[in-house]
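Read off the chains here:
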Amino acid sequence: MDWASIFIYDTTWAFAAEILIRVIVMFTLIILFLRFTGKRGVRQLSIFELTIILSLGSIAGDPMFTEDLPIIQAVLIMSTVIVLYRLCTWAMMKFQAFEDLLEGRAIYIVEDSMLVLDKIKKGEMSHDEFFAEMRQQGVEHLGQVRTGLLETDGEFSLLLCSPEDTCYGLPLFPKQYQPVEQIELDVHYACMYCGYVDFISNPNQLCQRCENDCKNWAKALNNEIVR
């Protein structure tokens, strides 16, 4: 095996020095680009901003080591992308429909301590993903959550219930999020599909709210959130 061909091939000292210069120039341009996009561009990225960053990686990466690709072409492309980014940002501020088209809308996942049915049926949310996010914010069951929102940047926003308004809700931790096999009298149970809380007579009873065919119920919790 020709190790020299694998690691060096036809690289000369002159081209190695050229690569060093190219990397320094393109690295500086990346920093300037992110600076021009504003502070929002370096926080949690929206779909639109992620598209810009992925494009930036291709634009900036190739000129760093491609001998026959002059840096001026990358500069022209990055300048054009910056102008387009600014124009799109301006248009999103002026026209709500354009912003919804590029970045989408925030989605209500929880309302009144229950999962929003139409979002579940459309497949716009995953139980496991949203439950994990709420657990990370110290939420033990849905009765502690008044409203839950999936933001356009993928972050979750929660409005929690006050201690006196905390109600029975679907448990979110795996050990409690289990279907019951025997029903106890005067005990609240939560539908494992939508979070509806009810007194039930048997573990296979249909949920009045979602009429889900799974017919799984977990014992509901009503303890207050620990802040």
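What you see is a predicted model; the values in this text were computed from it and never measured.

Each value, and the rule that gives it
Residues numbered from 1 in each chain as written. Predicted model: local features only at pLDDT ≥ 70, side-chain atom pairs only at ≥ 80, totals over all residues. Heavy atoms only, no water. Helix = DSSP H or I, 4+ residues; strand = E, 2+ residues; numbered from the N terminus. Polar contact = N/O pair within 3.5 Å; in protein donor to acceptor, adjacent residues only side chain to side chain. Contact = heavy atoms within 4.5 Å. Phe/Tyr/Trp six-rings, centres within 6.5 Å; stacked < 30°, edge-to-face > 60°. Buried < 20%, exposed > 50% of the residue type's maximum accessible area, 1.4 Å probe, protein only. Core = buried A, V, L, I, M, F, W, Y, C linked by side-chain atoms within 4.5 Å. pLDDT = per-residue confidence, 0-100.

## Overview of the side chain of Gln-205
Here comes step 1: For Gln-205, the location among the structural elements is in the loop between β6 (197-198) and β7 (217-219).
Here comes step 2: Engagement of the side chain of Gln-205 in a polar contact is seen with the backbone nitrogen of Ser-201, the distance being 2.9 Å.
Here comes step 3: With sequence-adjacent residues up to four places away left out, Gln-205 is seen in contact with Asp-198, Phe-199, Ile-200, Lys-215 and Trp-217.

## Re the packing of aromatic side chains
Here comes step 1: Counted under the stated rule, the structure contains three aromatic pairs.
Here comes step 2: Pairing Phe-130 with Phe-156 gives two aromatic rings, centres 4.8 Å apart and planes at 50°, and the pair type is tilted. Here Phe-130 is found in helix α7 (residues 127-136), whereas its partner Phe-156 is found in strand β4 (residues 156-160), with 26 residues between them in sequence.
Here comes step 3: On the accessibility criterion, Phe-130 (1% relative accessible area) is buried.
Here comes step 4: Aromatic side chains Phe-131 and Tyr-177 sit 5.5 Å apart centroid to centroid with 80° between the ring planes, which places their arrangement in the edge-to-face category. One end of the pair, Phe-131, is in helix α7; the other, Tyr-177, is in the loop between β4 and β5 (189-191), with 46 residues separating them in the sequence.
Here comes step 5: A residue is classified by how much of its surface remains accessible, and Phe-131, at 3% relative accessible area, is buried.

## Focus: the nonpolar core
Here comes step 1: The biggest cluster of nonpolar side chains holds 20 residues, and the ones touching the most others in it are Phe-130 and Met-134.
Here comes step 2: Listed by contribution, the elements that provide at least two residues to this core are β1 (107-111), α7, β3 (145-150) and β4.
Here comes step 3: Discounting chain neighbours no more than four positions away, the residues touching Met-134 are Val-139, Leu-142, Val-145, Leu-158 and Leu-172.

## Some points on the confidence of the model for the protein
Here comes step 1: Of all residues in the protein, 78% attain a pLDDT of 70 or more, and the chain-wide mean is 79.
Here comes step 2: Below a pLDDT of 50 lies the segment residues 39-43, which in the model reaches four contacts outside its immediate sequence neighbourhood of four places, other chains included.

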